[in-house]
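# Architecture and fold: a report
One letter stands for each residue in the lines below.
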Amino acid sequence: MDSPNHEFFMRRALELARQAWGATHPNPMVGAVLVEDGRIVGEGFHAEDGGPHAERLALLARGKPPRPGATLYVTLEPCSTAGRTGACTAAIIAAGVKQVVVGAVDPNPAHAGKGLEVLRASGVDVVAGVLAQECTDLNLIFNHWITREEPLFAAKAAVTLDGKIATRTGESRWITNEASRADVHRWRRLFPGIAVGAMTVLKDNPKLTARTGGTEWCPWRFVFDGLLRTVVEKNLPGVYTDAFRERTIVVTTSHGGMGYVRKLRDMGIKVWIFDSGTQRVPFADFRRRCAAERINGVYFEGGSQLVSEVLRARQLDYLMVYRAPILFADEKGRSIFGGMRPDRLDQAVRLGDVRHETFGDDELMRGRVIYPEKLVIDETAFGGRA
């Protein structure tokens with residue numbers, strides 16, 4: 001079978017995997033298709049943590065043993081350890097499948113390549129690396145979690161051609177188009193947590209839910225508020241009073257006041273308090289707390305000070321920037337990032353493993369954050385050292 005056919009069936013496996021978008025944490029999304037004589041005869045995808053794996057479901061969907069010469073396509077290397085559902089390599093070998101086409105190799109250093117070795121040792125023809133980049137990109141959060149044992153911190157920005165997120169008066173709705181905003185909701189559905197700063201909550205009163213396909217889903221909603229300014233007003237923000245308020249976590253410091261902490265907790269809202277010499281939450285401590293709570297990904301949506309502080313602290317792992325064909329050309333327009341002052345290009349933050357997508361006239365650039373050897377910080381920004 002030639003390479004173009006391999007890619008055709010792997011793309012179908014990717015489509016299947018995406019049906020579980022955001023529902024498999026802490027496990028990866030995986031899709032599989034069983035092909036006989038150029039025709040799909042079985043499909044499956046991993047739907048939830050603890051559920052059957054994609055390979056087993058594709059084999060079961062066939063309803064009987066596959067024919068000689070059948071090929072199984074799977075977006076991620078089949079597992080070779082028993083776990084809770086049994087080793088997929090054992091199921092493949094027992095079914096008599098003689099060719100397996102794999103997209104991405106298991107990122108877990110303890111398992112990487114072992115499933116392929118087990119299959120080959122049993123006489124299975126293994127073709128690896130088909131649409132590897134797409135299959136790897138599918139599981140950004142899982143890959144980071146399994147290799148670094150910590151959550152992926154990503155930030156989103158919607159900007160003009162000159163990098164502004166609002167006019168000098170603060171108007172920002174809407175810089176990007178409806179298709180871009182729908183894609184933001186898709187990413188919200190992927191991440192277990194969404195984070196915003198206190199001023200964003202006070203100004204915009206966001207819902208911080210994912211609204212896709214006519215349904216509304218609520219992740220963990222983190223509000224970074226070192227002084228608990230969001231609790232002072234009589235009319236509290238919706239994230240403190242709506243039907244999802246028990247999914248809200250206020251992230252603060254001891255400078256906020258225990259009276260406000262008690263008020264929030266009495267309303268059913270969780271409060272994480274971190275030791276800090278200033279009103280700013282230490283992001284490294286926040287990351288460790290997320291890891292302890294098994295929250296393996298957080299999507300920072302703003303405002304500009306919050307995402308800038310995460311970047312200045314070298315705690316931002318991934319960045320997504322939606323750019324619209326709009327130009328302010330105003331130095332007083334509001335920018336998404338600030339607080340650094342590089343003198344040379346080699347002091348700049350860069351992106352790696354960059355992906356590009358278009359949404360109508362808008363463009364999305366996203367990628368892994370790569371820090372220079374030393375960040376040149378503007379110590380006067382945001383009231384002092386980050």
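Up top is the structure.
Bear in mind the structure is a predicted one, so any value in this text is a computation, not a measurement.

For helix α2 (residues 54-62), the complete set of buried residues consists of Ala54, Glu55, Ala58, Leu59 and Arg62. Within α2, the buried residues cover an arc of 135 degrees as seen down the axis, which keeps them to one side. Looking at the buried positions of α2, the neighbouring elements they touch are β1 (31-36), β2 (39-45), β3 (71-76) and α3 (88-95). Just downstream of α2 lies Gly63, where phi reads positive at about 85 degrees.

Scanning all chains against the criterion turns up 13 aromatic pairs. With centroids separated by 5.1 Å and ring planes inclined at 80 degrees, the aromatic side chains of Phe8 and Phe9 adopt a geometry described as edge-to-face. Overall, Phe8 belongs to the exposed group, its relative accessible area being 55%. Ring geometry for Trp21 against Trp187: centres 5.5 Å apart, planes inclined by 65 degrees, an arrangement best described as edge-to-face.

So, on to unusual backbone geometry. Between His25 and Pro26 the backbone carries a cis peptide bond, its omega angle lying at 5 degrees. Take Pro26: it is sitting in the loop between α1 (3-18) and β1. With an omega of -5 degrees, the peptide bond between Arg173 and Trp174 qualifies as cis. Residue position: Trp174 is located in the loop between β7 (164-166) and α7 (178-190). Located in the positive-phi region is Asp37, a residue other than glycine, with phi close to 50 degrees. Among the secondary structure elements, Asp37 is positioned in the loop between β1 and β2. Phi is positive for Leu208, which is not a glycine, with a value near 60 degrees. Its place among the elements puts Leu208 in the loop between α8 (198-204) and β9 (210-212).

Analysis parameters
Residues numbered from 1 in each chain as written. Predicted model: local features only at pLDDT ≥ 70, side-chain atom pairs only at ≥ 80, totals over all residues. Heavy atoms only, no water. Buried < 20%, exposed > 50% of the residue type's maximum accessible area, 1.4 Å probe, protein only. Helix = DSSP H or I, 4+ residues; strand = E, 2+ residues; numbered from the N terminus. Arc of directions from axis to C-beta. Contact = heavy atoms within 4.5 Å. Phe/Tyr/Trp six-rings, centres within 6.5 Å; stacked < 30°, edge-to-face > 60°.

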